Amino acid sequence: MPDPSDGTWEAVDAYLVGALLPPDAALDATLAASTEAGLPAIQVSALQGRLLELLARAVGARSILEVGTLGGYSTIWLARALPADGRLVTLEIDPTHAEVARRNVAGAGLAGVVEVRVGPALATLDQLAGEGAGPFDVVFLDADKAGLPDYVTASLGLSRPGTVIIVDNVVRKGGVLDAGSADPDVVGVRRCLELLGSHPRLSATAIQTVGVKGHDGFAVALVGAEPTPA
Ligand code: SAH
Ligand code: DHB
Ligand code: MG
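To keep things clear, this report deals only with the structure shown in the data block. (Residues numbered from 1 in each chain as written. Chains lettered and ligands numbered in written order. Predicted model: local features only at pLDDT ≥ 70, side-chain atom pairs only at ≥ 80, totals over all residues. Heavy atoms only, no water.)

### Quick notes on the pattern of salt bridges
Taken as a whole and assessed by the stated rule, the structure comprises 12 salt bridges. Lys145 serves as the salt-bridge partner of Asp142, at 3.1 Å between the closest nitrogen and oxygen. The residues Asp142 and Lys145 share a single accessibility class, namely buried. (Salt bridge = Lys/Arg side-chain N within 4 Å of Asp/Glu carboxyl O. Buried < 20%, exposed > 50% of the residue type's maximum accessible area, 1.4 Å probe, protein only.)

Next comes the structure, spelled out in structure tokens:
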């Protein structure tokens, strides 16, 4: 689909960053190291990262689960919301990405609260459930989009009433509109949204965004109580 931006979205993002976000050497270094290592520049924007941090702080998060680490940029934003004895577990399939992320997280002074686990996310989520990990206070889903329905279901098993689940990239320039799509990412996002909208334990919304990442959006869901057996 065409991207109608004439540069205004990017200019407004730059203005908002200047107005709202202090300079940040650790995050600048993270982006530089990620570029240097050849990682794709698909991390959340600075303004989105700040939103993740503020949401996690607003709910008093002490434990955070992230699916999709890349170079640890969103990881660092989220981990900054945690108290010194908090914990963030982030899942990454690519060992190179994971290694870059570990270095970036350490450079940001957050190695003590962040654990990067390497492997396919669904297997790692199973592993976490088997260990009795969680419940997590905040979950951020930002890995492959085809796996989203499974990640939501697995996240529910690692949640408590009050857990906030945030899902990135649920609009993709309107790609989500294509009900007949054979693209596994689109199918995954659409099934994810159907699940968020119909699951008895979830109350959800989604917000479209424009900015340096083009036209996209994120979903936010709040986990409710387990249904009581009849
Ligand atoms: N959250 C990051 C961006 C993540 S990009 C940020 O905003 O800074 C998506 C990441 O998910 C990539 O690093 C990719 O390697 C990883 N990924 C893709 N498929 C995966 C899977 N099945 N399991 C775990 N990670 C996966
Ligand atoms: C892209 C953007 C993302 O935020 C993501 O998680 C994966 C891919 C992209 O722009 O291709
Ligand atoms: Mg994303």
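Back to the write-up after that little detour.
### With respect to the layout of surface pockets
Looking at the largest pocket, its volume works out to about 610 Å³. Every residue lining the largest pocket is counted, 32 residues in all, and those nearest its centre are Ile42, Asp142, Ala143, Asp144 and Lys145. Those elements that provide at least two residues to the lining of the largest pocket are α4 (73-79), β2 (87-92) and α6 (121-130). Here the lining of the largest pocket is built from residues that sort into 14 nonpolar, eight polar and 10 charged. Computed from the structure, the second largest pocket encloses a volume of approximately 310 Å³. Around the second largest pocket, the lining is made up of 20 residues, and of these Val17, Leu31, Ser45, Ala46 and Tyr73 lie nearest the centre. Those elements giving two or more residues to the lining of the second largest pocket turn out to be α1 (8-20), α2 (25-36), α3 (46-58) and α4. Residue classes in the lining of the second largest pocket are distributed as 14 nonpolar, two polar and four charged. (1 Å grid on protein atoms, 1.4 Å probe; cavity = no way out; pocket = protein on both sides within 12 Å on 5 of 7 lines; lining within 4 Å. Points joined across faces, edges and corners; volume = space filled by probe spheres on them. Helix = DSSP H or I, 4+ residues; strand = E, 2+ residues; numbered from the N terminus. Nonpolar A, V, L, I, M, F, W, Y, C, P; charged D, E, K, R; others polar.)

### Some points on the site of ligand 2
Near ligand 2 the following residues occur: Ile42, Asp142, Lys145, Asp168, Asn169, Arg172 and Lys213. With respect to ligand 2, the side chain of Asp168 contributes an N or O atom lying 3.2 Å from an oxygen atom. Protein burial of ligand 2: of its 290 Å² of free accessible surface, 70% is covered by the chains. Along the lines of polarity and charge, the residues of the shell around ligand 2 split into one nonpolar, one polar and five charged. (Near = heavy atom within 4 Å. Polar contact = N/O pair within 3.5 Å; in protein donor to acceptor, adjacent residues only side chain to side chain. Areas by Shrake-Rupley, 256 points an atom, 1.4 Å probe, with all protein chains shown as cover.)

### Some thoughts on the site of ligand 1
Of all residues adjacent to ligand 1, which total 21 residues, the nearest are Gly68, Ser74, Glu92, His97 and Asp142. At 2.8 Å, a backbone N or O of Gly68 approaches a nitrogen atom of ligand 1. The protein chains hide 88% of the 590 Å² of surface that ligand 1 would expose on its own. In this structure the site holding ligand 1 corresponds to the largest pocket. Of all the secondary structure elements, the ones that give two or more residues to the shell around ligand 1 are α4 and β2. Along the lines of polarity and charge, the residues of the shell around ligand 1 split into 11 nonpolar, six polar and four charged. (Sits in = over half its atoms within 2 Å of the grid points.)

### Thoughts on the coordination of the magnesium ion (ligand 3)
Six octahedral donors around a metal ideally make angles of 90 or 180 degrees; four tetrahedral donors ideally make 109.5 degrees. Note on the magnesium ion (ligand 3): its protein donors are Asp142 (OD), Asp168 (OD) and Asn169 (OD1). The metal-donor distances range over 2.0 to 2.1 Å. Considered as a linear motif, the donors of the magnesium ion (ligand 3) on their single chain read D-x25-D-N. Remark: Asn169 occurs in the loop between β5 (164-168) and α8 (184-198) and Asp142 occurs in the loop between β4 (138-141) and α7 (148-156); sequence separation between them is 27 residues. Here Asn169 falls in the buried class, since its relative accessible area comes to 8%. (Donors = N, O, S within 2.8 Å, 3.2 Å for Na, K, Ca; no water.)

### Observations regarding the nonpolar core
Within the largest apolar cluster, 30 residues are counted, with the highest numbers of intra-cluster contacts made by Leu65, Leu141 and Val167. Per element, the largest residue contribution to this core is five residues, and it comes from α7. Once residues lying within four places of it in the same chain are set aside, the contact partners of Val167 are Leu141, Leu148, Cys192, Leu196, Gly217, Phe218 and Ala219. The next biggest cluster of nonpolar side chains, apart from the first, holds 26 residues, and it includes Val44, Leu82, Val138 and Phe218. (Core = buried A, V, L, I, M, F, W, Y, C linked by side-chain atoms within 4.5 Å. Contact = heavy atoms within 4.5 Å.)

### A few points about the sheet that holds β5
The strand order across the open sheet formed by seven strands is β3-β2-β1-β4-β5-β7-β6, and the pairing between neighbours is mixed. Sheet topology places β3 (114-118) and β6 (202-209) at the edges, where each strand pairs with a single neighbour. Adjacent strand axes in the sheet meet at a mean angle of 15 degrees when their direction is disregarded. Bridge count for strand β1 (residues 63-67) against β4 is four bridges, and the pairing is parallel. Across the sheet, the residue bridging to Ile64 is Val138, located in β4. (Pairing = 2+ DSSP bridges. Axes fitted to C-alpha atoms, helices over the stretch in contact; angles between N-to-C directions.)

Geometric values such as these leave the question of function open.
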